Amino acid sequence: MKPIKVGLLGIGTVGGGTFDVLKRNQEEIRRRAGRAIEIAMVADLNVARAREVAGAGCEVVSDARLVVDNPEIDIVVELIGGYGIARELVMTAIANGKHVVTANKALLATHGTEIFKAAQEKGVIVAFEAAVAGGIPIIKALREGLTANRIQWIAGIINGTTNFILSEMRDKGLDFATVLKEAQRLGYAEADPTFDIKGVDAAHKLTIMSAIAFGIPVQFERAYVEGIDQLQAIDIRYAEQLGYRIKLLGITRRTAQGIELRVHPTLIPAKRLLANVEGAMNAVLVQGDAVGATLYYGKGAGAEPTASAVIADLVDIARLASADPGHRVPYLAFQPDAMADIPVLPMSEITTSYYLRLKVADKVGVLADLTRILADAGISIDAMLQKEPAEGENEADIILLTHQTQEKHVDAAIVRMEALATVSGRVTRIRLEQLS
Ligand code: HSE
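Analysis parameters
Residues numbered from 1 in each chain as written. Predicted model: local features only at pLDDT ≥ 70, side-chain atom pairs only at ≥ 80, totals over all residues. Heavy atoms only, no water. Helix = DSSP H or I, 4+ residues; strand = E, 2+ residues; numbered from the N terminus. Rg over C-alpha atoms; globule rule 2.2 N^0.38 Å. Buried < 20%, exposed > 50% of the residue type's maximum accessible area, 1.4 Å probe, protein only. Domains from an automatic or database assignment. Core = buried A, V, L, I, M, F, W, Y, C linked by side-chain atoms within 4.5 Å. Axes fitted to C-alpha atoms, helices over the stretch in contact; angles between N-to-C directions. Parallel < 35°, antiparallel > 145°, perpendicular 65-115°, else oblique. Left-handed = near helix turned anticlockwise from the far one by under 90°. Contact = heavy atoms within 4.5 Å. Nonpolar A, V, L, I, M, F, W, Y, C, P; charged D, E, K, R; others polar. Salt bridge = Lys/Arg side-chain N within 4 Å of Asp/Glu carboxyl O. Lys, Arg positive; Asp, Glu negative; His and termini not counted. Polar contact = N/O pair within 3.5 Å; in protein donor to acceptor, adjacent residues only side chain to side chain. Patch = residues over 30% accessible without salt bridge, like charges linked within 9 Å, V, L, I, M, F, W, Y side chains within 5 Å. Areas by Shrake-Rupley, 256 points an atom, 1.4 Å probe, with all protein chains shown as cover.

This paragraph deals with the overall build of the protein chain. Along its length, the protein chain carries 15 helices and 17 strands. Its C-alpha radius of gyration of 24 Å places the protein chain within 12% of the 22 Å reference for a compact globule of 436 residues. Overall, the C-alpha framework of the protein chain stretches about 80 × 45 × 35 Å when taken along its three principal axes. Considering the protein chain as a whole, with its 436 residues, one finds that 53% of them fall into the buried category.

On to the domain arrangement of the protein chain. For an interface, size is often stated in terms of accessible area lost upon the parts coming together. When the domains of the protein chain are assigned, the result is domain 1 (4-135 + 303-338), domain 2 (138-299) and domain 3 (350-432). On a C-alpha basis, the centres of domain 1 and domain 3 stand 51 Å from each other.

Counting 85 residues, the largest nonpolar core has Ile-138 and Ile-165 as its most contacted members. Counting 32 residues, the second largest nonpolar core, distinct from the first, contains Val-60, Ile-75, Ile-125 and Ala-130.

The next subject is the packing of helix H8 (residues 160-172) against helix H9 (residues 176-185). In the contact formed by H8 and H9, the axes pass within 9 Å of each other and the chain directions differ by 125 degrees. Here H8 lies oblique to H9, going by the angle between them. H9 is crossed by H8, and the crossing has right-handed handedness. Touching Phe-164, Ile-165, Glu-168 and Met-169 of H8 are Phe-176, Val-179, Leu-180 and Ala-183, all from H9. Looking at side-chain class alone, the contact of H8 with H9 contains seven nonpolar, no polar and one charged residues.

Working definition: two side chains of opposite charge can pair if their charged atoms are close together. A complete count under the given rule lists 34 salt bridges for this structure. Measuring nitrogen to oxygen at the nearest pair gives 2.8 Å for the salt bridge that ties Glu-304 to Arg-24. Here Glu-304 is found in helix H13 (residues 303-320), whereas its partner Arg-24 is found in helix H1 (residues 13-24), with 280 residues between them in sequence. Residue Glu-304 is classed as partly exposed on the basis of its relative accessible area of 29%. Here Lys-205 makes a salt bridge to Asp-201, at a shortest N to O gap of 2.6 Å. With Lys-205 and Asp-201 both in helix H11 (residues 200-214) and four residues apart, the pair spans about one turn of that helix.

All right, on to the side chain of Arg-143 then. Examined against the element boundaries, Arg-143 turns out to sit in helix H7 (residues 138-145). Buried and unpaired, Arg-143 has Glu-144 as its nearest opposite-charge partner, separated by 4.4 Å. In terms of polar contacts, Arg-143 uses its side chain to reach the backbone carbonyl oxygen of Tyr-331, at 2.8 Å. Apart from residues lying up to four places away in sequence, Arg-143 is in contact with Phe-128, Ile-212, Val-329, Pro-330, Tyr-331 and Ala-333.

Let us now look at a nonpolar patch on the surface. Taken together, Leu-367, Ile-381 and Met-384 make up a surface patch of nonpolar side chains, about 200 Å² in accessible area. Owing to a relative accessible area of 32%, Ile-381 belongs among the partly exposed residues under this scheme.

Following this line, the structure appears as structure tokens:
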């Protein structure tokens with residue numbers, strides 16, 4: 001069979017890794033795919049560098065439109081990122097009848113519905129394993145391996161930059177700003193790390209997993225997104241004293257009322273495997289009704305780990321391209337006419353446990369006031385820690401862990417606590433998941 005021809009848009013880190021892995025493993029990949037996979041064309045603004053990476057035998061152009069319009073190209077691999085030109089190129093490639101492989105989580109989380117609809121109409125495949133958790137085959141696992149299950153929830157560490165920062169803050173007792181600078185110096189964090197530290201990157205990935213898990217449209221705009229930039233080193237220390245670690249988790253859960261879709265710093269018991277995922281590694285925990293909990297761990301970024309996912313998609317397309325579109329694995333796991341209209345819940349309706357830290361005057365009755373407020377709101381206390389005032393100060397830190405409750409009850413309790421004359425400043429609130 002003749003080789004399947006690939007056009008690459010953008011040849012940065014992942015594009016380079018894709019060339020290297022395809023070349024190194026070409027014989028095994030051909031035996032698996034049933035035909036050779038050939039990168040026939042590359043578009044990159046830096047043509048000289050692209051030529052160096054691509055080598056002889058591969059056409060290099062600076063205008064990506066030449067790739068998506070080339071009738072010789074069977075599959076377009078989009079590695080540009082963002083929602084601007086990348087969206088236009090992906091839509092044109094689909095309109096031209098080409099299959100698409102993309103690592104672009106931002107694009108799929110915001111424009112996925114439009115892209116999948118166009119692909120469905122055209123009978124082409126849009127594959128995106130590399131968009132979520134880099135080299136971890138989590139899309140394949142959710143869409144195919146776990147297909148017998150009613151997925152109940154997913155909790156994932158799906159941003160390596162923030163996990164690295166949190167690991168360093170805990171290990172070295174440093175504050176967020178110091179570790180961020182160090183992460184940038186080491187090349188873990190981008191020069192503009194906003195999407196990572198604000199939780200946006202994780203929310204893009206979570207939105208895609210949620211759609212596949214529950215058969216709902218991608219709806220990033222409904223996700224609750226809170227990053228780690230406000231997290232204080234002292235809360236990491238107190239959490240540790242109580243037997244917990246703080247991770248930036250992406251959580252999506254099916255409840256009777258709707259779907260929870262949220263990214264925020266979360267306390268999890270230190271003994272959980274997920275709590276011990278350190279540095280820039282990613283991990284995703286999936287709870288299915290038949291299989292129970294399964295955990296997927298690996299590198300969430302980097303040249304060859306991401307190339308591993310891109311090439312897996314290329315092999316899938318090489319195998320499936322000739323199959324009747326109606327018999328292919330659906331983009332979002334569920335058949336397009338069987339998608340559900342389950343609402344995504346507002347944060348006030350989600351259910352979880354809480355870590356609350358307050359600075360209080362060291363006076364008679366303060367604790368009684370706090371526990372009364374929680375009792376009035378129907379919130380049960382799970383654990384408590386009081387730190388005596390530092391020398392020369394007269395305010396103490398009180399840390400309360402609650403049992404599960406709805407967020408709206410905690411919101412109301414926090415308003416009442418902050419109104420007490422004996423409580424100074426804001427109450428720090430971090431959500432807590434037992435993951436059991
Ligand atoms: N910036 C991401 C991370 C990798 O730190 O995990 C790409 O999504």
